[in-house]
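The residues making up each chain are set out below.
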Amino acid sequence: MRLVLVGPPGAGKGTQAEFVAAHLAVPKISTGDIFRANVTLGTPLGVEAKRYMVAGLLVPDEVTINMVAERLAENDATDGFLLDGFPRTTPQAVALDKLLADLGTALDVILELVVDEDEVIRRLSGRRTCRGCGKIWHVEFDPTTREGVCDRCGGELFQRDDDKAETIAERMRVYARDTAPLIDYYGTQGKLVGIDATGPVEDITVRAIDALRSYGG
Ligand SMILES: [Zn+2]
């Protein structure tokens, strides 16, 4: 099965990507991993991507798409894959369709994790990270015994910039702007399936697997 996982920041996409890919026995391919691998190995694409990243600029689509193309051509992705973090925009989705068509194949399904903005803000803004050991706690879902102090190492907890309400709101705006048209694009192809991504992680995985069953997963 060839699928793409989409969802807003804070939807638990990374976690679901792991579980769903394991269930389907396909590689989980995330752009973050591909970027890191190319940069670490110093491939030509990695060197180019790094130039942009060092300058704090977005890596151009062309570079990203070429990295994805190389990754999808590897042996383990021949019979299927789960893409996480790509495509993010409609032009990227069009490029991916073309790339797969050139390989004589196509996407089977796009799985959308649906979660409303209030829930995302509640999840992310409650996160607290330990300065000592890096463990992530949550004021509501996974609180420490003493407020602001890590139970594991006694370190001080802080809120990362990424987890601040204003940063989250901005990321949600970017997601809505770039990804809503992407979701429409796949909807028109009849390949979109949305699942409720609220509640316990295990329940979301079960919903995802159930939803994919009718697509041959
Ligand atoms: Zn700690």
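Small disclaimer: the values here were computed from a predicted structure and weren't measured.

Colleague: Explain the layout of surface pockets residue by residue, including any values.
Modeller: Estimates place the volume of the largest pocket at around 1100 Å³. Lining of the largest pocket is provided by 35 residues; of these, Lys-13, Thr-31, Gly-85, Phe-86 and Arg-88 occupy positions nearest its centre. Counting residues per element, the ones that place at least two in the lining of the largest pocket are β1 (2-6), α1 (13-24), α2 (31-41), α4 (61-72) and α7 (165-188). Element by element, the count of residues in the lining of the largest pocket is highest for α7, at five residues. Taken together, 24 residues line the second largest pocket, and the ones lying closest to its centre are Gly-10, Gly-12, Arg-123, Leu-124 and Arg-127. Listed by contribution, the elements that provide at least two residues to the lining of the second largest pocket are α1, α6 (117-125), β6 (136-138) and α8 (201-213). With four residues, the single largest contributor to the lining of the second largest pocket is α1. When grouped by side-chain class, the residues that make up the lining of the second largest pocket number eight nonpolar, seven polar and nine charged.

Colleague: Describe the coordination of the zinc ion, and please don't skip the residues or the numbers.
Modeller: On the protein side, the zinc ion has Cys-130 (SG), Cys-133 (SG), Cys-150 (SG) and Cys-153 (SG) as donor atoms, found 2.3 to 2.4 Å from it. Each of the four donor atoms bound to the zinc ion contributes to angles spanning 96 to 115°, and the resulting shape is tetrahedral. In terms of primary sequence, the donors binding the zinc ion are separated according to C-x2-C-x16-C-x2-C. Taken as a pair, Cys-133 in the loop between β5 (127-130) and β6 and Cys-153 in the loop between β6 and β7 (157-158) lie far apart in primary sequence, 20 residues in all. Judged by its relative accessible area of 40%, Cys-153 is partly exposed.

Colleague: Quick rundown of the packing of α6 against α7? Include the residues and the values.
Modeller: One way to put it is that α6 packs onto α7 with a least axis distance of 10 Å and a crossing angle of 140°. Put simply, α6 runs oblique to α7. Handedness of the α6/α7 crossing: right-handed. When α6 is examined against α7, the residues Glu-117, Val-120, Ile-121, Leu-124 and Ser-125 are found in contact with a partner set consisting of Ile-168, Arg-171 and Met-172. The class makeup of the residues in the contact of α6 with α7 is five nonpolar, one polar and two charged.

Colleague: Report on the sheet that holds strand β4 (residues 109-114), specifying residues and quantitative values.
Modeller: With parallel pairing, five strands are arranged side by side in an open sheet as β2-β3-β1-β4-β8. In this open sheet, the two strands that pair with only one neighbour each are β2 (28-30) and β8 (192-196). Put simply, the sheet's adjacent strands are angled 25° from each other on average, direction ignored. In this structure, β2 lies alongside strand β3 (residues 81-84), joined through three bridges in parallel fashion. The residue bridging Ile-29 from the neighbouring strand is Leu-83, located in β3. The strands touched by α1 within the sheet are β1, β2, β3 and β4, with β3 carrying the most contacts at an inclination of about 175°.

Colleague: So what's going on with the pairing of β3? Which residues, and what values?
Modeller: The two faces of β3 match: Phe-81 and Leu-83 on one face and Leu-82 and Asp-84 on the other face are all buried. Bridge analysis of β1 against β3 gives four bridges, and the strand direction is parallel. Within β3, the residue paired with Leu-3 across the bridge is Leu-82.

Colleague: I'd love a proper account of the packing of α1 against α8, names of residues and values included.
Modeller: Contact pair α1 / α8: the axes reach a minimum separation of 10 Å and the direction vectors enclose 45°. Taken together, the axis directions place α1 and α8 in an arrangement best described as oblique. Here α1 runs over α8; the crossing is right-handed. Of α8, the residues touching α1 (which contributes Thr-15, Gln-16, Phe-19, Val-20, His-23 and Leu-24) are Val-201, Ile-204, Thr-205, Ala-208, Ile-209 and Leu-212.

Parameters and conventions
- Residues numbered from 1 in each chain as written.
- Predicted model: local features only at pLDDT ≥ 70, side-chain atom pairs only at ≥ 80, totals over all residues.
- Heavy atoms only, no water.
- 1 Å grid on protein atoms, 1.4 Å probe; cavity = no way out; pocket = protein on both sides within 12 Å on 5 of 7 lines; lining within 4 Å.
- Points joined across faces, edges and corners; volume = space filled by probe spheres on them.
- Helix = DSSP H or I, 4+ residues; strand = E, 2+ residues; numbered from the N terminus.
- Nonpolar A, V, L, I, M, F, W, Y, C, P; charged D, E, K, R; others polar.
- Donors = N, O, S within 2.8 Å, 3.2 Å for Na, K, Ca; no water.
- Tetrahedral: all angles 85-135°; square planar, octahedral: opposite > 155°, others 65-115°.
- Buried < 20%, exposed > 50% of the residue type's maximum accessible area, 1.4 Å probe, protein only.
- Axes fitted to C-alpha atoms, helices over the stretch in contact; angles between N-to-C directions.
- Parallel < 35°, antiparallel > 145°, perpendicular 65-115°, else oblique.
- Left-handed = near helix turned anticlockwise from the far one by under 90°.
- Contact = heavy atoms within 4.5 Å.
- Pairing = 2+ DSSP bridges.

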